[in-house]
Amino acid sequence: MQGLIWPDLSEEQMRRLRLYESAFGYALHDLTLLVDGRRHKAHGYLPPRDQNPGRGVWSLEVWEQAHLAPAIDAAQEVLTLDPLPDPATLRQMWPMIEARAWARQRAARRTRTARDFDITPAAPASGRFFRFQGFDVSHALFDGTLSPVLRREVFVGVDAALLLPYDPQRDRVLLL
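Let me sum up the structure you'll find in this document. The structure displayed is predicted, hence computed values, not measured ones. (Residues numbered from 1 in each chain as written. Predicted model: local features only at pLDDT ≥ 70, side-chain atom pairs only at ≥ 80, totals over all residues. Heavy atoms only, no water.)

## Overview of the pattern of salt bridges
Defined as follows: One speaks of a salt bridge when a side-chain nitrogen belonging to Lys or Arg is within 4 Å of a carboxyl oxygen belonging to Asp or Glu. In this description a helix means any DSSP run of H or I spanning at least four residues, a strand means any run of E spanning at least two, and both kinds are numbered starting from the N terminus. A 1.4 Å probe rolled over the protein chains alone gives each residue an accessible area, and that area as a share of the maximum for its type sets the label: buried under 20%, exposed over 50%, partly exposed in between.
Enumeration over the complete set of coordinates arrives at 9 salt bridges. Linking Arg100 and Glu77 is a salt bridge whose minimum nitrogen-to-oxygen distance equals 2.5 Å. Placement of the pair is Arg100 in helix 3 (residues 87-109) and Glu77 in helix 2 (residues 60-80), with a sequence separation of 23 residues. Its relative accessible area of 1% is what places Arg100 among the buried residues. Assessed through its relative accessible area of 7%, Glu77 is described here as buried. The salt bridge involving Glu77 is made with Arg131; its shortest N-O contact spans 3.2 Å. Residue Glu77 is located in helix 2, and its partner Arg131 is located in strand 4 (residues 131-139); the two are separated by 54 residues in the primary sequence. A relative accessible area of 3% places Arg131 in the buried class. Three or more residues are tied together by salt bridges with common partners; here these are Asp73, Glu77, Arg100, Arg104 and Arg131.

What follows is the structure, given as structure tokens:
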């Protein structure tokens, strides 16, 4: 089996790792690893003994292809939370965190087309259950130039459909 050994993690790194792992019932254990024929003492998070792995043969390669990118994305969101929640709160927050991660991964795979606007994240997302993200936005003006940068905030959800009805004869938009 392959893996990484991370020596000398800071207390803050350990605090965030402990939060992430304990929210799912994983506990820190003393381990002895065999690396290139030599034994190394280490600590590692292991799942609860009564955790049911499910049916069938589990494959790291299959899991990585289907789940690694959203898992990393979700973990990155968790590790940027400030203040950090307690493990029970994180467990309650997890379904929305995971849904946002999968939505971001799906969005990243979409084909991009030429745009007449520019969006740049302005600050880390905030919020506990729902997330709010600050953005700097500029858009094309009727004369073809770009607008000044506008600071905006959005509610970060999951996949959704948006319909913005526009009546070109009256030059009106219907807001729902």
